[in-house]
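Geometric and topological summary
Spelled out from the first residue to the last, the chains are:
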Amino acid sequence: MAWDFETDPAFQRELDWADEFVREHVEPLDLLLDDPYDKSDERAMAIVGPLQQQVKERRLWACHLGPELGGPGYGQVKLALLNEILGRSRWAPTVFGCQAPDSGNAEILAHYGTPEQRERYLTPLLEGKISSCYSMTEPHAGSDPTLFRTRAVRDGGDWVINGEKWFSSNAAVASFFIVMVVTDPEVSPYEGMSMFLVPAGTPGLEIIRDVHVGSGGAHSSHGYLRYRDVRVPADHLLGAEGGAFGVAQTRLGGGRIHHAMRTLAQVRRAFDMMCERAVSRQTRHGTLGSLQMTQERIADSWIEMEQFRLLVLRTAWLIDKHRDYRKVRKDIAAVKVAMPKVFHDVTLRAMHLHGALGVSGEMPFADMLIDSEVMALVDGPTEVHQITLAKDLLKTYTPAPGDFPTTHLPALREQARRRYAHYFDSTIGNDDPGALTGSRKAEAQ
Ligand SMILES: Cc1cc2nc3c(=O)[nH]c(=O)nc-3n(C[C@H](O)[C@H](O)[C@H](O)COP(=O)(O)OP(=O)(O)OC[C@H]3O[C@@H](n4cnc5c(N)ncnc54)[C@H](O)[C@@H]3O)c2cc1C
């Protein structure tokens, strides 16, 4: 098999265009504009709209989607290469139509939405005209969705929802919410939970407050929500009644790997800043980069970053090959576990090398460290994915025979000697299995 780590020349031209476009036109927005999700900010949209148009004309809009949904359908490997560029800027995913959670919400609407639901919610979402919110985590339960309590009860032609959700990102600016609720507490949660579409402004849906992450700023919009007698028509059920887990999985597989693709850009950003500092800052012995302890940090960081990149690209390649996230569950879990660690470790080294400046508000490292921890939590904490990965790996192993791994070593050694007996002395039992007999020795020479 030929291994080629370069993409085709036509797509490389698109990457080169995106690289320059993001540097020249999009990265400056990070310094100027606040919330990339807020489509009601007219001044921001006046700047962003023409940029989005250029991306559409270049056929790089919503690259995570297949052609049937208006995306170019490049596949995950090419998407990974593009996302390595988009991950540099907070605004780039909005400009390129692939912002989470809208991207994942679009995927599930495309998969499970009725024609009416697609027209009302999916079409404007794909066009970048509205934002959406995914409302699953509850204050008392996050990692284990079987413990969720928010409840929907059938009442004539409606469902009535009661409960609390939090860390519902973009709640403040979303036009609709996808909410996961218990519809039948009598059966297993895997059959008794359903997804609903709730339009913003539905009576009874209240944002209690924004739950800030870190120092706020770029991370500020995560709603703590109360659903009090929120009434939606039965046709607002998304997917089958009792089918919430299937719907959630459709969304989370893609979301996890797409986060990792963009996170790689942030790791590279920390790495680049570390190297720049290493060759700039002087000590009386020369630059920081001339010190071996700095060199060790730089070497370790580069190796970890490139290992992570290969893991992401390999997983993207597997998704393209199998075209089913479920078949690469363990690989996505491995990416999800590796992502926060490499992000954290490289960022911390970069921060340390910058001395006091590194912890100041003038450098991005403090926010990046929080972001690395966010990546260890969103879409399930690290431990849950370690368990998924380990269980999947262990499935392919069988117990060793005997009481301990070497119980059968003498028998195995005997078996091996018999198989290759003609290479050894006629007396089987020679303790040096590498020893050649006289005639074989002559042949070997
Ligand atoms: C910035 C941000 C944005 C978010 N956006 C959204 C959103 O839009 N919509 C949404 O629904 N949710 C969102 N979340 C919530 C996120 O999905 C949850 O934080 C995550 O699922 C973990 O749940 P939890 O916070 O309740 O932690 P818990 O479930 O309380 O877990 C806390 C810790 O316990 C340990 N732990 C938990 N379970 C296990 C286990 N099985 N084995 C070993 N250790 C375990 C882990 O160390 C874990 O970190 C967001 C969170 C953040 C930080």
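This one's a predicted model, so the numbers in the text were calculated from it and none came from an experiment.

How each quantity is defined
Residues numbered from 1 in each chain as written. Predicted model: local features only at pLDDT ≥ 70, side-chain atom pairs only at ≥ 80, totals over all residues. Heavy atoms only, no water. Axes fitted to C-alpha atoms, helices over the stretch in contact; angles between N-to-C directions. Helix = DSSP H or I, 4+ residues; strand = E, 2+ residues; numbered from the N terminus. Parallel < 35°, antiparallel > 145°, perpendicular 65-115°, else oblique. Contact = heavy atoms within 4.5 Å. Nonpolar A, V, L, I, M, F, W, Y, C, P; charged D, E, K, R; others polar. Core = buried A, V, L, I, M, F, W, Y, C linked by side-chain atoms within 4.5 Å. Buried < 20%, exposed > 50% of the residue type's maximum accessible area, 1.4 Å probe, protein only. Domains from an automatic or database assignment. Buried area = accessible area lost by both parts, 1.4 Å probe. Salt bridge = Lys/Arg side-chain N within 4 Å of Asp/Glu carboxyl O. Polar contact = N/O pair within 3.5 Å; in protein donor to acceptor, adjacent residues only side chain to side chain. 1 Å grid on protein atoms, 1.4 Å probe; cavity = no way out; pocket = protein on both sides within 12 Å on 5 of 7 lines; lining within 4 Å. Points joined across faces, edges and corners; volume = space filled by probe spheres on them. Pairing = 2+ DSSP bridges. Left-handed = near helix turned anticlockwise from the far one by under 90°.

Observations concerning the packing of helix 1 (residues 9–32) against helix 2 (residues 42–57)
- Between helix 1 and helix 2, the least distance of the axes is 11 Å, while the angle of their chain directions is 175°. It follows from the interaxial angle that helix 1 and helix 2 lie roughly antiparallel. Residues Trp-17, Phe-21, His-25 and Leu-29 of helix 1 form the contact with helix 2, whose participating residues are Ile-47, Val-48, Leu-51, Gln-54 and Val-55.
- Class assignment for the residues of the contact of helix 1 with helix 2 results in seven nonpolar, two polar and no charged.

Description of the nonpolar core
- Among the nonpolar cores identified, the biggest contains 90 residues, and Val-95, Phe-96 and Met-195 are the most heavily contacted of them.
- The element best represented in this core is helix 8 (residues 244–280), accounting for 14 residues.
- In this structure Phe-96 touches Trp-17, Ala-18, Phe-21, Val-22, Val-55, Leu-60, Trp-61, Ala-62 and Leu-86, once residues within four positions along its chain are discounted.
- In this structure, Ala-152, Phe-177, Leu-205 and Leu-225 belong to the second largest nonpolar core, which totals 17 residues.

So, the environment of Val-328
- For Val-328, the location among the structural elements is in the loop between helix 9 (292–322) and helix 10 (329–353).
- Along the primary structure Val-328 and Phe-148 are separated by 180 residues, whereas in three dimensions their C-alpha atoms are 27 Å apart.
- If sequence neighbours within four positions are ignored, Val-328 has contacts with Leu-318, Ile-319 and His-322.

Points about the domain arrangement of the chain
- Parsing the chain into structural domains produces domain 1 (9–99), domain 2 (132–242) and domain 3 (246–394).
- Taking only C-alpha atoms into account, the centre of domain 2 sits 31 Å from that of domain 3.
- The interface is formed by eight residues belonging to domain 2 together with nine residues belonging to domain 3.
- Counting each side, the surface lost to burial between domain 2 and domain 3 is near 710 Å², with a carbon and sulfur contribution of 73%.
- Summed over the shared surface of domain 2 and domain 3, the number is zero salt bridges.
- Remark: the boundary between domain 2 and domain 3 carries zero residue pairs in polar contact (both at pLDDT 80 or more).

Points about empty space enclosed by the protein
- One pass over the structure, following the stated rule, counts three cavities of 30 Å³ or more.
- Space inside the largest cavity adds up to approximately 160 Å³.
- Lining the largest cavity we find 18 residues, and of these Gly-97, Cys-98, Gln-99, Asp-102 and Leu-125 sit closest to its centre.
- Among the elements that line the lining of the largest cavity, the one with the most residues is helix 5 (residues 102–112), at three residues.

A short note on the pairing of strand 4 (residues 176–182)
- A large share of strand 4 lies buried, amounting to seven of its seven residues.
- By the alternation rule, side chains of strand 4 split into Phe-176, Ile-178, Met-180 and Val-182 and Phe-177, Val-179 and Val-181, which are all buried.
- Looking at chain direction, strand 1 (residues 132–135) and strand 4 are connected through four bridges and run parallel. Residue pairing in the sheet places Ser-135 in a bridge with Val-179 of strand 4.
- Here seven bridges tie strand 4 to strand 5 (residues 193–199), and the two strands are oriented antiparallel to one another. Across the sheet, residue Val-182 finds its bridge partner in strand 5, namely Met-193.

Remarks on the packing of helix 5 against helix 6 (residues 115–126)
- Between helix 5 and helix 6, the least distance of the axes is 10 Å, while the angle of their chain directions is 150°. Of the possible angle classes, the one that applies to helix 5 and helix 6 is roughly antiparallel. Where helix 5 crosses over helix 6, the handedness of that crossing is left-handed. Across the interface between the two elements, Asp-102, Asn-105, Ala-106, Leu-109, Ala-110 and Tyr-112 of helix 5 pack against Gln-117, Arg-118, Tyr-121, Leu-122, Leu-125 and Leu-126 of helix 6.

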